[in-house]
Amino acid sequence: MPVIRSTPSAAAGDQGPSPVTALRDLSLASAAPAALRAAVRIGVADALGDTPVPVGDLAAALKVDAAVLLRLLRNLRCYGVFDETADGIVHTATSRLLREDDPQRLKYWVQWVTEPWVWELWPDLEAAVRDGRGHFEDRYGEEFFAHLHSRWQESTEIFNKSQTELSRLTSAAIAESLDLSEVKTFADVGGGRGFTLAELLEANPHLHGTLVDLPAAVAHPDPRLRPGGALAGRSSVVAGDCLREIPVEADVYQFKSILEWDDERTVTALRNARRAGRPGSRVLVITNLVDDSPEIRYATGIDLLFLLNTNGRRHTREGVAGLVDRAGLRLEGIAPVGRLLHVVETSVPE
Ligand SMILES: C[S@@+](CC[C@H](N)C(=O)[O-])C[C@H]1O[C@@H](n2cnc3c(N)ncnc32)[C@H](O)[C@@H]1O
């Protein structure tokens, strides 16, 4: 005789997740980036092509345990990363972004935001909220980028590749939104390996560009900017610390996704650009504003990570305007660039 009764609560479930379900899911959401990172490092996305692959074959090709791989993929599938059909595991539009050869690749960015030191830092959030500041320097004894470059070489490499991935997604929109027809010299300060600068130079054949970044970042610039590269004749690559001095005079200075550390350093870097430029030089801050972003989970999440690594922040419109003012620059305007970024245009006063 069956003992299972059909009850109303068992049938309820078509009204969206209950608060209990939502909170349980959220509390365990860290399983997903952990699974994502494992999948990237094992190489699942690159091993999977356009046709379904039985999980046993996939595991054999990757030399991993098939049963555990299936458990990993089951979790990722909840977020639309990989799928399973009767014929095996298949890519989704999202999992394809983890492939090395995808034009919109985010493989290294995924690794960057799930690096082991990131997991170490998250518990510091409680202390940061209590004290109003991040504790990276207390924990590691030096400033974030200095520590990254000197101690975490593999992480530095992943970081530089991740920044190029992000730049690839945004550089066309930046090139489209900046009218550089009257500009002769352009400096990208904290420009990483120079992907965005190279794209701007390609879009503006009259322009000369200088890449300024810390020595570890400019050691391996974009191939187009290297001696013998297609843009070598119109570009310079300079190792420099913008908190000390910006060693180049230019018509336009760009700070893209760099002035997101503490306010004192942001003001110092902007003042140094004011000093390096001439009256009328433009100083552009290209950034993801936290109070004006269509992807608010991404913006607020990065805002908290910045708090813990550089003691920094994602800016609000009002916040960035205040910092520009403190640096003695004149705010000329703020405009959206593509889906995620804004350009804050300022000028060096007469
Ligand atoms: C988030 S990345 C952005 C890179 C690039 N602008 C982009 O959007 O792809 C920040 C960059 O600032 C550089 N940076 C950090 N501190 C710096 C300093 N004091 N002077 C110059 N560059 C610095 C880092 O090396 C890194 O390349």
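Residues numbered from 1 in each chain as written. Predicted model: local features only at pLDDT ≥ 70, side-chain atom pairs only at ≥ 80, totals over all residues. Heavy atoms only, no water.

Engineer: Looking at this structure, I do not really get the sheet that holds strand E3 (residues 185–189). What am I missing?
Structural biologist: Consider a sheet: its strands pair through backbone hydrogen bonds, and that pairing is either parallel or antiparallel. Pairing within the open sheet is mixed, and its seven strands lie in the order E5-E4-E3-E6-E7-E9-E8. Each edge of the sheet is formed by a strand with only one pairing partner; in this case those strands are strand E5 (235–239) and strand E8 (330–337). The mean angle between the axes of side-by-side strands here comes to 20°, regardless of whether they run parallel or antiparallel. Strand direction decides the pairing type here: E8 and strand E9 (residues 341–347), joined by seven bridges, are antiparallel. (Pairing = 2+ DSSP bridges. Helix = DSSP H or I, 4+ residues; strand = E, 2+ residues; numbered from the N terminus. Axes fitted to C-alpha atoms, helices over the stretch in contact; angles between N-to-C directions.)

Engineer: Explain the site of the ligand here, please?
Structural biologist: Taken together, 19 residues are adjacent to the ligand, and Ser167, Gly190, Asp213, Asp241 and Lys256 come closest. The separation between an oxygen atom of the ligand and a polar side-chain atom of Ser167 is 2.9 Å. Protein chains shield 95% of the accessible area of the ligand, which is 590 Å² for the free molecule. Counting only elements with at least two residues in the shell around the ligand, the list comes to helix H12 (144–151) and helix H13 (153–177). No other element matches the three residues that H13 contributes to the shell around the ligand. Its residues assigned to classes, the shell around the ligand shows eight nonpolar, eight polar and three charged. (Near = heavy atom within 4 Å. Polar contact = N/O pair within 3.5 Å; in protein donor to acceptor, adjacent residues only side chain to side chain. Areas by Shrake-Rupley, 256 points an atom, 1.4 Å probe, with all protein chains shown as cover. Nonpolar A, V, L, I, M, F, W, Y, C, P; charged D, E, K, R; others polar.)

Engineer: Please clarify how the pattern of salt bridges should be interpreted in this entry.
Structural biologist: One side chain can pair with another of opposite charge once the charged atoms of both are near each other. One pass over the full model with this rule turns up 29 salt bridges. A salt bridge links Arg41 to Glu154, with the nearest nitrogen and oxygen atoms 3.6 Å apart. In this pair, Arg41 sits in helix H3 (residues 31–42) while Glu154 sits in helix H13, placing the two residues 113 residues apart along the sequence. Look at Arg41 and you get partly exposed, because its relative accessible area is 45%. Residue Glu154 is classed as exposed on the basis of its relative accessible area of 52%. Arg224 is paired through a salt bridge with Asp222; the nearest N and O atoms lie 2.9 Å apart. With a relative accessible area of 15%, Arg224 lands in the buried category. Look at the salt bridges and you will find they share partners, linking Asp46, Glu100, Arg105, Lys107 and Glu165 into a network. (Salt bridge = Lys/Arg side-chain N within 4 Å of Asp/Glu carboxyl O. Buried < 20%, exposed > 50% of the residue type's maximum accessible area, 1.4 Å probe, protein only.)

Engineer: Would you mind going over the nonpolar core with me for this structure?
Structural biologist: Side chains that are nonpolar tend, in soluble globular proteins, to be buried together. The biggest cluster of nonpolar side chains holds 27 residues, and the ones touching the most others in it are Cys242, Ile246, Tyr253, Phe255, Leu259, Leu270 and Val283. At the level of elements, E3, strand E6 (252–256), helix H16 (263–276), strand E7 (282–287) and helix H18 (317–326) are the ones that each hand at least two residues to this core. The greatest single-element share of this core, amounting to five residues, is contributed by H16. Once residues lying within four places of it in the same chain are set aside, the contact partners of Leu259 are Thr266, Ala269, Leu270, Val285 and His315. (Core = buried A, V, L, I, M, F, W, Y, C linked by side-chain atoms within 4.5 Å. Contact = heavy atoms within 4.5 Å.)

Engineer: Help me understand empty space enclosed by the protein, please; the structure alone is not making it clear to me.
Structural biologist: Rolled over the atoms, a probe as big as a water molecule pinpoints where empty space is left. Counting across every chain of the model gives one cavity of 30 Å³ or more. Its volume calculated, the largest cavity comes out at about 50 Å³. What lines the largest cavity is simply Leu70, Leu73, Arg74, Arg77, Phe82, Asp83, Glu84 and Ile89. Counting residues per element, the ones that place at least two in the lining of the largest cavity are helix H6 (66–77) and strand E1 (83–85). Broken down by element, the lining of the largest cavity gets its largest block of residues, four residues, from H6. (1 Å grid on protein atoms, 1.4 Å probe; cavity = no way out; pocket = protein on both sides within 12 Å on 5 of 7 lines; lining within 4 Å. Points joined across faces, edges and corners; volume = space filled by probe spheres on them.)

Engineer: Would you explain unusual backbone geometry in this entry?
Structural biologist: Outside of glycine, negative phi angles account for most residues, and trans bonds account for most peptide bonds. Although it is not a glycine, Lys63 adopts a positive phi angle of roughly 60°. Relative to the helices and strands, Lys63 resides in the loop between helix H5 (55–62) and H6. Residue Phe82 is not a glycine yet carries a positive backbone phi of 65°.

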